[in-house]
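What the coordinates show
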Amino acid sequence: MILRYDRLAVELPKPKNPSPNDAAAIQELLGGKYGEMSTLMNYTFQSFNFRGRNRLRPFYDLTCSIAAEEYSHIEALSYAINLLLTGQTVRGKDPVPAPLADAKDARNSYHFLTSAQSALPVDSMGNPWTGQNVHASGNLKLDLLHNFFLECGARANKMRVYEMVSDPCARAVVGYLLVRGGVHVVAYAKALEKLTGVEVSKLVPVPELSNDAFPEAKKLQDQQKLHLKLYTFSPDDYKTAGVIWDGKHPEDGQPLELIQGGFEGVPYPVLEEEPQLNSPGADDYDPQMFADIAKKMGIKL
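Note that the structure is a prediction, hence the values are computed from the model and not measured. (Residues numbered from 1 in each chain as written. Predicted model: local features only at pLDDT ≥ 70, side-chain atom pairs only at ≥ 80, totals over all residues. Heavy atoms only, no water.)

1. Focus on unusual backbone geometry
Note the threshold: Secondary structure follows DSSP: runs of H or I at least 4 residues long count as helices, runs of E at least 2 residues long count as strands, and numbering of each begins at the N terminus.
Looking along the chain, the bond that leaves serine 279 and enters proline 280 is cis, with omega of 10°. Here proline 280 lies in the loop between strand E2 (257-259) and helix H8 (287-297). Of note, alanine 98 is a non-glycine position whose phi angle comes to about 60°, a positive value. Looking at where alanine 98 falls in the secondary structure, it is placed in the loop between helix H3 (57-85) and helix H4 (110-113). A positive phi angle is found at tyrosine 238, which is not glycine, with a value near 65°. Following the sequence through the fold, tyrosine 238 ends up in the loop between strand E1 (229-231) and E2.

Following this line, the structure appears as structure tokens:
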């Protein structure tokens, strides 16, 4: 089961101007072949299908922990996309002036045609994410090798998307993912080393593992040491992931740390209503009715 918190993993600066094409680029990191939907579903199905978990518990715990974190990555990317799309069209309920006219020049028109200026389970070109991206062979060595390759491919895409976008919101989320994705690269390399004895860490970087060139990522490393921490995303379970996540970081030699639980997180950004897109389209809702009920139940809205 997944324990969910009503907070976002990373703080995202509010864009000064809408940037639908930055949002389209970010979509690749969400719904692309090497995107966070792929990492989430790969590791989730591998954990569901894991046979012999009692004998190989550390590998199971590691896969479960990383799978749970990927959920928060999808969430962070979705909010970044939503923020980048906010304000691109003219708010109002009158369709005659063509309030969506500015969306015609956006690279990914699905953001306006099939959703209310919001994230979708698609890649940067609007192609739907597919379960064909999921590899869960049931063979532990093969799955771990695939996961290592998947994280390396994901890192390459993050680096390229960073170089495509300029909005601080877009770069903040990509910088965050560069750090946390780097953790997963190292984690799967260490898992393969523990399982096979092969020094997979000698393949790192694939590509360059250093985040020094990315200010947003470097700040997270310097101030929060996020490149050293693996989270279990559970208050009590998956503790043996620390058997694999031990030793020192291959880049800077600092000691690795297993954190029982998840991120503290930050409050979600507020997404404004978009009446021209009929979103949320609940104009007959009476908030006072629920306020009265909540008051009787002792809930503060």
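2. Description of helix H1 (residues 20-31)
The test is simple: By this rule, a helix spans an expected 1.5 Å times one less than how many residues it contains. For every residue, the accessible area obtained with a 1.4 Å probe (protein chains only) is divided by the maximum for its type, and the residue is called buried under 20%, exposed over 50%, and partly exposed between those limits. Between two residues, a contact is recorded if the distance between any of their heavy atoms is within 4.5 Å.
In this model, H1 (twelve residues) spans 16 Å end to end at C-alpha, consistent with the 16 Å of a helix rising 1.5 Å per residue. All of the buried residues in H1 are Pro20, Asp22, Ala23, Ala24, Ala25, Ile26, Gln27, Glu28, Leu29, Leu30 and Gly31. Elements that come into contact with the buried residues of H1 comprise helix H2 (36-48), H3, H4, helix H5 (140-164) and helix H6 (168-196).

3. Points about a nonpolar patch on the surface
To keep it simple, the criterion reads: Like charges within 9 Å and nonpolar side chains (Val, Leu, Ile, Met, Phe, Trp, Tyr) within 5 Å are joined into patches, using only residues over 30% in relative accessible area that form no salt bridge. Note on areas: Shrake-Rupley, 1.4 Å probe, and residue coverage restricted to the protein chains presented here. The term salt bridge refers to a pairing of a side-chain nitrogen on Lys or Arg with a carboxyl oxygen on Asp or Glu at a separation within 4 Å.
Among the surface-exposed residues, Tyr285, Met289, Phe290, Ile293, Met297 and Ile299 lie close enough to one another that they form a single nonpolar patch of about 600 Å² accessible area. Within the element layout of this structure, methionine 297 appears in helix H8. A relative accessible area of 58% places methionine 297 in the exposed class.

4. Thoughts on the side chain of aspartate 61
Within the secondary structure, aspartate 61 sits in helix H3. Among the residues examined, aspartate 61 registers a relative accessible area of 2% and is labelled buried. What aspartate 61 contacts, discounting residues up to four positions off in sequence, is Tyr238, Lys239, Thr240 and Ala241.

5. Quick notes on the nonpolar core
Applied cut-off: Among buried residues, the Ala, Val, Leu, Ile, Met, Phe, Trp, Tyr and Cys ones that are joined through side-chain atoms within 4.5 Å form a nonpolar core.
Formed by 45 residues in total, the largest nonpolar core has its most connected members in Leu12, Ile26, Val173, Val174 and Tyr176. Elements with a minimum of two residues in this core: H1, H2, H3, H5, H6 and helix H7 (215-224). Not counting chain neighbours up to four residues away, the residues in contact with isoleucine 26 comprise Leu77, Ile81, Leu84, Val161, Val165, Ala170, Val173 and Val174. Counting residues in each nonpolar core, the second largest holds 32 residues, with Leu140, Leu150, Ala189 and Leu256 among its members.

6. A closer look at the environment of asparagine 278
Positionally, asparagine 278 belongs in the loop between E2 and H8. Residues asparagine 278 and lysine 93, 185 residues apart in the sequence, show an inter-C-alpha distance of 8.1 Å.

7. Focus on the packing of H1 against H5
The cut-off we apply is this: Between the N-to-C directions of two axes lies an angle of 0 to 180 degrees, each axis being a line fitted to C-alpha atoms and, for a helix, fitted only over the stretch in contact. Under this scheme an angle from 65 to 115 degrees is roughly perpendicular, one under 35 degrees roughly parallel, and one over 145 degrees roughly antiparallel; angles in between are oblique. Each residue is assigned to one class: nonpolar for Ala, Val, Leu, Ile, Met, Phe, Trp, Tyr, Cys and Pro, charged for Asp, Glu, Lys and Arg, and polar for all the others, Gly among them.
Between H1 and H5, whose axes approach to 10 Å, the crossing angle comes to 175°. The angle between H1 and H5 falls in the class roughly antiparallel. When H1 is examined against H5, the residues Asp22, Ala25, Ile26, Glu28 and Leu29 are found in contact with a partner set consisting of Asn157, Lys158, Val161 and Met164. Residues that form the contact of H1 with H5 fall into these classes: five nonpolar, one polar and three charged.

8. Notes on the packing of H1 against H6
Selection criterion: Helix crossings get a hand from a simple test, with the near helix turned counterclockwise from the far one by less than a right angle marking a left-handed crossing and a clockwise turn marking a right-handed one.
Viewed as axis vectors pointing N to C, H1 and H6 meet at an angle of 15°, and their least axial separation amounts to 10 Å. Judged on the interaxial angle alone, H6 and H1 are roughly parallel. In this structure, H1 crosses over H6, and the sense of that crossing is left-handed. Residue-level contacts link Asp22, Ile26 and Leu29 of H1 to Ala170, Val173 and Val174 of H6. When grouped by side-chain class, the residues that make up the contact of H1 with H6 number five nonpolar, no polar and one charged.

9. So, the pattern of salt bridges
Under the definition given, this model contains eleven salt bridges. Residue lysine 14 pairs with glutamate 272 through a salt bridge whose shortest N-O separation is 3.3 Å. One end of the pair, lysine 14, is in the segment before H1; the other, glutamate 272, is in the loop between E2 and H8, and 258 residues separate them in sequence. Taking relative accessible area as the criterion, glutamate 272 reaches 32% and is therefore assigned partly exposed. The salt bridge partner of aspartate 61 is arginine 57, with a shortest N-O separation of 2.9 Å. A residue pair is termed a helical-turn pair when its members lie 3 or 4 positions apart in one helix, as aspartate 61 and arginine 57 do in helix H3 at four residues. The exposure class assigned to arginine 57 is partly exposed, which follows from its relative accessible area of 27%. One salt-bridge network, in which partners are shared between bridges, spans Lys14, Arg91, Glu272 and Glu274.

Limitation: the analysis is restricted to geometry and does not speak to function.
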